[in-house]
Amino acid sequence: MLPNLVQPNASSLKEQLNQAERNIIKAVLIECGDNRTKAAKQLGISKSTLYEKLDKHGIS
């Protein structure tokens with residue numbers, strides 16, 4: 001008989017991933033002196049993707 005495994009709540013997991021992404025973006029922006037071009041390069045994403053993520057997470 002298999003043990004009763006608790007499955008993580010999907011919305012909770014999604015929120016944790018969103019929070020992690022937000023924290024990483026904020027940390028990279030600080031590291032890059034708020035230079036968004038450098039931050040996008042550091043993150044390995046385009047500037048337009050960075051701007052979408054900034055908007056998504058309410059980071060100005």
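A brief report on the enclosed structure follows. (Residues numbered from 1 in each chain as written. Predicted model: local features only at pLDDT ≥ 70, side-chain atom pairs only at ≥ 80, totals over all residues. Heavy atoms only, no water.)

Further remarks concern the nonpolar core. If you look at the biggest cluster of nonpolar residues, it comprises nine residues: Ile25, Val28, Leu29, Cys32, Ala39, Ala40, Leu50, Leu54 and Ile59. Elements with a minimum of two residues in this core: helix H1 (10–31), helix H2 (36–43) and helix H3 (47–57). No other element matches H1, which puts three residues into this core. (Core = buried A, V, L, I, M, F, W, Y, C linked by side-chain atoms within 4.5 Å. Buried < 20%, exposed > 50% of the residue type's maximum accessible area, 1.4 Å probe, protein only. Helix = DSSP H or I, 4+ residues; strand = E, 2+ residues; numbered from the N terminus.)

The subject of this paragraph is H3. Restricting attention to buried positions, one finds in H3 the residues Leu50, Leu54 and His57. Viewed along the axis of H3, the buried residues span an arc of 75°, placing them on a single side of the element. Away from its buried face by more than 90 degrees, H3 exposes Glu52, Asp55 and Lys56. Once H3 ends, the next one or two residues include Gly58, with phi positive near 70°. (Arc of directions from axis to C-beta.)

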